[in-house]
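What follows is each chain in one-letter form.
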Amino acid sequence: MTAISTIDLSLWRAGGQPAADVAREVDASLQRAGFLLVRGHGVPRDLVADVRVAARNFFALPEEVKARYSTIVGGRGWIPPGMEADGYAEGTETPPDLKESFIAGPETSVGDPVVDDVWFSPNVWPTEVVELRDLLTAYTEAVRKLSNELLALFSTALGLPGDYFEGCTDRPTWMFKINHYPPLSSVGEPEPGQFRIGPHCDFGTVTVLDREPGEGGLQVHTDEGGWEDAPYDPEALTVNIGDLLEYWSGRRWPSGRHRVLPPQTGAPEEDLVSLIFFYELNHDARVTPLDPPIGTVAGLEPVISADFIKSRLDKITM
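Residues numbered from 1 in each chain as written. Predicted model: local features only at pLDDT ≥ 70, side-chain atom pairs only at ≥ 80, totals over all residues. Heavy atoms only, no water.

### Concerning helix α2 (residues 16-32)
The test is simple: Counting from the N terminus, the helices are the DSSP runs of H or I reaching at least four residues and the strands are the DSSP runs of E reaching at least two. For a helix, the expected span equals 1.5 Å multiplied by the number of residues minus one. Between buried and exposed lies partly exposed: a residue is buried under 20% and exposed over 50% of the maximum accessible area for its type, with that area taken using a 1.4 Å probe on protein chains only. By the convention used here, residues are in contact when the closest approach between their heavy atoms is within 4.5 Å.
Taking 1.5 Å per residue, 17 residues should reach 24 Å; α2 reaches 25 Å between its end C-alpha atoms and fits that length. Among the residues making up α2, those that are buried are Ala19, Val22, Ala23, Val26, Asp27, Ser29 and Leu30. Buried-residue contacts for α2 involve β1 (5-8), α1 (9-14), β2 (35-39), α6 (131-157) and β10 (237-241). Gly34 lies just past α2 and shows a positive phi near 75°.

### Notes on the packing of aromatic side chains
Formally: Between 30 and 60 degrees the pair is tilted, below 30 it is stacked and above 60 it is edge-to-face, where a pair is any two Phe, Tyr or Trp rings, Trp via its six-membered ring, whose centres lie within 6.5 Å. Our definition puts a charge over a ring when NZ of Lys or CZ of Arg is within 6 Å of the ring centre and also within 35 degrees of the ring normal.
The full count for this structure, using the stated rule, is twelve aromatic pairs. Look at Tyr139 and Phe176: their rings are 5.2 Å apart centre to centre, the planes differ by 40°, and that puts the pair in the tilted class. Taken together, the residues Tyr139 in helix α6 and Phe176 in strand β5 (residues 172-181) connect sequence positions 37 residues apart. The pair formed by Tyr139 and Phe176 is uniform in burial state, with each residue classed as buried. In this arrangement the basic side chain of Arg259 is found over the ring face of Trp227, its NZ or CZ atom lying 4.2 Å from the centre.

### Concerning the environment of Gly75
Inspection of the secondary structure puts Gly75 in the loop between α4 (63-66) and β3 (77-79). Distance in space between the C-alpha atoms of Gly75 and Gly42 is 29 Å, their sequence separation being 33 residues.

### A look at the sheet that holds strand β6 (residues 197-200)
What counts, and what does not: Strand pairing is defined by DSSP finding a minimum of two bridges between the two strands. Here an angle of 0 to 180 degrees is reported between the N-to-C directions of two axes, which are lines fitted to C-alpha atoms, with helices fitted over the stretch in contact.
Reading across from one edge, β6-β11-β8-β9 is the order of the four strands in this open sheet, with antiparallel pairing throughout. Both edges of this open sheet fall to β6 and β9 (226-229), since each of them pairs with a single strand only. On average, each strand axis in the sheet is tilted by 20° relative to the strand beside it, whichever way the strands run.

### What about the sheet that holds β1?
The strand order across the open sheet formed by eight strands is β1-β2-β10-β7-β12-β5-β4-β3, and the pairing between neighbours is mixed. Two strands close off the open sheet at either side, each with one partner strand: β1 and β3. Pairwise comparison of adjacent strand axes, ignoring direction, gives a mean angle of 25° for this sheet. Relative to β2, β1 runs parallel, the two being bridged by four bridges. Residue pairing in the sheet places Ser5 in a bridge with Leu36 of β2. Each of β1, β2 and β10 is contacted by α2, which is oriented at about 150° to β1, the strand it contacts most. Contacting β3, β4 (100-104), β5, β7 (206-210), β10 and β12 (272-282), helix α3 (residues 45-59) crosses the sheet at an angle of about 110° to β12.

### Quick look at the environment of Gly242
Its location among the elements puts Gly242 in the loop between β10 and α8 (243-248). Placed 35 residues apart in sequence, Gly242 and Thr207 show a C-alpha to C-alpha distance of 7.1 Å. Non-local contacts of Gly242, meaning those with residues more than four positions away in its chain, are made with Asp202, Phe203, Gly204, Thr205 and Ser255.

### A short note on the pairing of β7
Regular strands place their side chains on alternate faces of the sheet. Here β7 lies mainly inside the structure; five of its five residues are buried. Of the two faces of β7, the one lined by Val206, Val208 and Asp210 and the one lined by Thr207 and Leu209 are each fully buried. The sheet contact formed by β7 and β12 spans five bridges and is antiparallel. Bridge pairing in β12 links Val208 to Phe277.

### Some remarks on the pattern of salt bridges
Selection criterion: The salt bridge definition used is simple: a Lys or Arg side-chain nitrogen within 4 Å of an Asp or Glu carboxyl oxygen.
For the coordinates displayed, the defined rule picks out 19 salt bridges. A salt bridge links Glu100 to Lys66; the shortest N-O distance between them is 2.9 Å. Here Glu100 is found in strand β4, whereas its partner Lys66 is found in helix α4, with 34 residues between them in sequence. Here Glu100 matches Lys66 in class, with each residue buried. A network of salt bridges, in which partner residues are shared, links Arg45, Arg52, Arg56, Asp210, Glu212 and Asp271.

Nothing here speaks to function; it is all geometry.
Okay, here's the thing in structure tokens:
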């Protein structure tokens, strides 16, 4: 039996007792694992499929073409293999993750170059796959709407007003990341301790993942069960909370610890693409952790969202 609950947002939207039951299940699942499966999310499946096709078209381009759009971790554009090692977020020295990525983010500049250069820099769109721009714009709008709905649900699950987080998300920072996990036949035998993504927790509030299942797929860690394959439902999105929401909840909800296994010898041609939306808050949002009885730790100091996120991004850059 998995520690990760499946919820249906259509029941949450119905209100009354069904909504109360969903909120209670959310609280229980996030306390256990920091993860949920979410049905009734409203993100069109044909849009997801089109994004994945366009992403595969980009990743199939020659390396010298993709290099025109290369960037650093936290930037916009293509992150080549060997640039990122998520295990470093936990202080574990690991080989680079076996992936390449394409990154987009918000362009809602605040007029301060120091802020805008980090959080609201212009996106980079490959001319070889022109459809990627419109598809990613539509997808991130849909998933941002979903993320705000999830935060309202999470507020209720904490016994707070449903609009508790609204004032912190009118100009939020976020990152949309498409991860490509090449097959074993392409990357070769993994080094000891090397993963497609090393063990880590995400950094922000809500992460919304559309993934493809595989032998070298997602695993989730809980204190009770250790590492387990994450449950998969083709009609659901995988949602986990990050360090910032863990901190805000007074550590009531643990940030969802996870990893993606390296390509497996039993599936040497397995080639996966994941769509990952990392949601945060306004860059200058002040987060004051919830004290008991909601939180489990008293006296945690307030933090500023951008400072909190940036300190973690810097750790995983190779």
